[in-house]
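Spelled out, the chains give:
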Amino acid sequence: MPQHLVEHLAAGYHVPGIFTINLDVSIGLIIEQLILIAGASYEDEYIDRIVYVPLR
């Protein structure tokens, strides 16, 4: 995914942000953390970025 994003951005396109997560945790925990991130973030904080969300 990182290389694809580099190519995508080089072509002049944008993404609102990509979060990668550990799919071995419960969907409930994933949703809770994404809600927390959304509430604590600026509107444009993750534009054109890939961020790993460390959940256990």
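See above for the structure.
Definitions and limits used
- Residues numbered from 1 in each chain as written.
- Predicted model: local features only at pLDDT ≥ 70, side-chain atom pairs only at ≥ 80, totals over all residues.
- Heavy atoms only, no water.
- Core = buried A, V, L, I, M, F, W, Y, C linked by side-chain atoms within 4.5 Å.
- Buried < 20%, exposed > 50% of the residue type's maximum accessible area, 1.4 Å probe, protein only.
- Helix = DSSP H or I, 4+ residues; strand = E, 2+ residues; numbered from the N terminus.
- Contact = heavy atoms within 4.5 Å.
- Patch = residues over 30% accessible without salt bridge, like charges linked within 9 Å, V, L, I, M, F, W, Y side chains within 5 Å.
- Areas by Shrake-Rupley, 256 points an atom, 1.4 Å probe, with all protein chains shown as cover.
- Salt bridge = Lys/Arg side-chain N within 4 Å of Asp/Glu carboxyl O.

Trainee: How would you explain the nonpolar core if you had to name every residue and give the values?
Mentor: Counting residues in each nonpolar core, the largest one holds seven residues, listed as V25, I30, I37, Y46, V51, V53 and L55. Elements supplying a minimum of two residues to this core: α2 (27-40) and β2 (50-53). When neighbours within four sequence positions are excluded, V53 is seen to be in contact with F19, T20, I21, N22 and I37.

Trainee: Any chance you could break down unusual backbone geometry for me, citing the residues and the numbers?
Mentor: Of note in this structure, D48 is not a glycine but carries a positive phi near 60°. Summarising the element assignment, D48 is placed in the loop between α2 and β2. Residue D48 is classed as partly exposed on the basis of its relative accessible area of 22%.

Trainee: Account for a nonpolar patch on the surface, naming residues and giving values.
Mentor: Judged by side-chain polarity, I27, I31 and I35 come together as a nonpolar surface patch covering roughly 320 Å² of accessible area. Along the chain, I27 falls in helix α2.

Shape is all these values report; function is a separate question.
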